[in-house]
Amino acid sequence: MTRNAVNDPKTQWELGEGSAPEEGTARLVILIDDYNVGAKKVEQMGFNKNILSLQPPVVSTPKIPEGEEAQIQALVDGKAINKAGAMFKLGFQVANSRVMLETNKRMVKLEEEAKANKERKKKKESEEKDQKAIEAFNAWITKGKCIDTKGHPVLNKDDSLSIMLVCEFCTTVC
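Everything quoted here is computed from the prediction, not taken from an experiment.

Right, let's get into the overall build of the protein. For the protein, the count of helices and strands is six helices and zero strands. Taking all 174 residues of the protein together, 16% fall into the buried category. In the protein, the share of contacts with a sequence separation of at least 24, taken over all contacts with a separation of at least 6, comes to 47%. As presented, the protein carries roughly 14100 Å² of accessible surface, and 56% of it is formed by carbon and sulfur atoms.

If the charged atoms of two oppositely charged side chains come close together, the side chains can form a pair. Inspection of every chain in the model, using the stated rule, returns three salt bridges. Here Glu-68 and Arg-98 are joined by a salt bridge, their closest N and O atoms 2.6 Å apart. One end of the pair, Glu-68, is in helix H2 (residues 68-78); the other, Arg-98, is in helix H4 (residues 98-142), with 30 residues separating them in the sequence. A salt bridge links Arg-106 to Glu-102; its shortest N-O distance comes to 3.5 Å.

Now for the nonpolar core. Grouped together as the largest cluster of nonpolar side chains are eleven residues: Ile-72, Leu-75, Val-76, Ala-80, Ile-81, Met-87, Leu-90, Phe-92, Val-99, Met-100 and Met-107. For this core, the elements supplying multiple residues, two or more each, are H2 and H4. Apart from the residues lying within four places of it in its own chain, the contact partners of Ala-80 are Leu-75, Ala-86 and Met-87.

When pLDDT is averaged along the protein, the result is 79; 87% of the residues meet or exceed 70. Per-element averaging of pLDDT across the protein places helix H6 (residues 167-173) at the bottom with 51 and H4 at the top with 88.

For Gln-71, the location among the structural elements is in helix H2. Here Gln-71 is in contact with Pro-65, Phe-92 and Val-99, once residues within four sequence places are set aside.

Now for the packing of H4 against helix H5 (residues 157-165). Two numbers describe how H4 lies on H5: the axes approach to 8 Å, and their chain directions differ by 120°. The pairing of H4 with H5 is recorded here as oblique in orientation. Relative to H5, the crossing made by H4 is left-handed. Two secondary-structure elements touch here, H4 through Lys-129, Lys-132, Ala-133, Ala-136 and Phe-137 and H5 through Asp-158, Asp-159, Ser-162, Ile-163 and Leu-165. Partitioned by chemical class, the residues of the contact of H4 with H5 number five nonpolar, one polar and four charged.

When the terminal C-alpha atoms of H4 are compared, their 65 Å separation across 45 residues agrees well with the 66 Å that a helix rising 1.5 Å per residue should span. When H4 is considered as a whole, its buried residues turn out to be Val-99, Met-100, Thr-103, Met-107, Ala-133, Ala-136, Phe-137 and Trp-140. Positive backbone phi, at 100°, marks Gly-144, one or two positions downstream of H4.

The rules behind the values
- Residues numbered from 1 in each chain as written.
- Predicted model: local features only at pLDDT ≥ 70, side-chain atom pairs only at ≥ 80, totals over all residues.
- Heavy atoms only, no water.
- Helix = DSSP H or I, 4+ residues; strand = E, 2+ residues; numbered from the N terminus.
- Buried < 20%, exposed > 50% of the residue type's maximum accessible area, 1.4 Å probe, protein only.
- Contact = heavy atoms within 4.5 Å.
- Areas by Shrake-Rupley, 256 points an atom, 1.4 Å probe, with all protein chains shown as cover.
- Salt bridge = Lys/Arg side-chain N within 4 Å of Asp/Glu carboxyl O.
- Core = buried A, V, L, I, M, F, W, Y, C linked by side-chain atoms within 4.5 Å.
- pLDDT = per-residue confidence, 0-100.
- Axes fitted to C-alpha atoms, helices over the stretch in contact; angles between N-to-C directions.
- Parallel < 35°, antiparallel > 145°, perpendicular 65-115°, else oblique.
- Left-handed = near helix turned anticlockwise from the far one by under 90°.
- Nonpolar A, V, L, I, M, F, W, Y, C, P; charged D, E, K, R; others polar.
- Expected span 1.5 Å × (residues − 1).

Listed below in structure tokens is the structure:
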């Protein structure tokens, strides 16, 4: 590779240590100074200079968690167990370390818990739907099984829909 692309004027650099060669940093500093001069001119003209509030990109170093428990939690939180880039940013070099194995165990547990919660929620919604239909039917019975001139039960829309959605209840009771 010739690295000619980094010498292109359209190449974007970041400020900070280890980011750009001296020419790129110098070009970025000149650009920032010119931008600040333009902001001052805009303010002198009576306009809002806060519109020109761009900040130059700065090199950021990733924070590597200290201790095995912190590393495990960082992997679990970021769901980075199978992402090489995220693992590298967290400072992992060995794929079969105890931290990775423990993270994998926790991820499996979390997936199982999520699946169980989803099933529990689905079951609860089904029970609530059944209970609503039973209550609507019982209310219709206590009102005296009101029927209109066409022979249809007199129910509001929500009650009739809840009864019809619970088909097992309708076939056994009706």
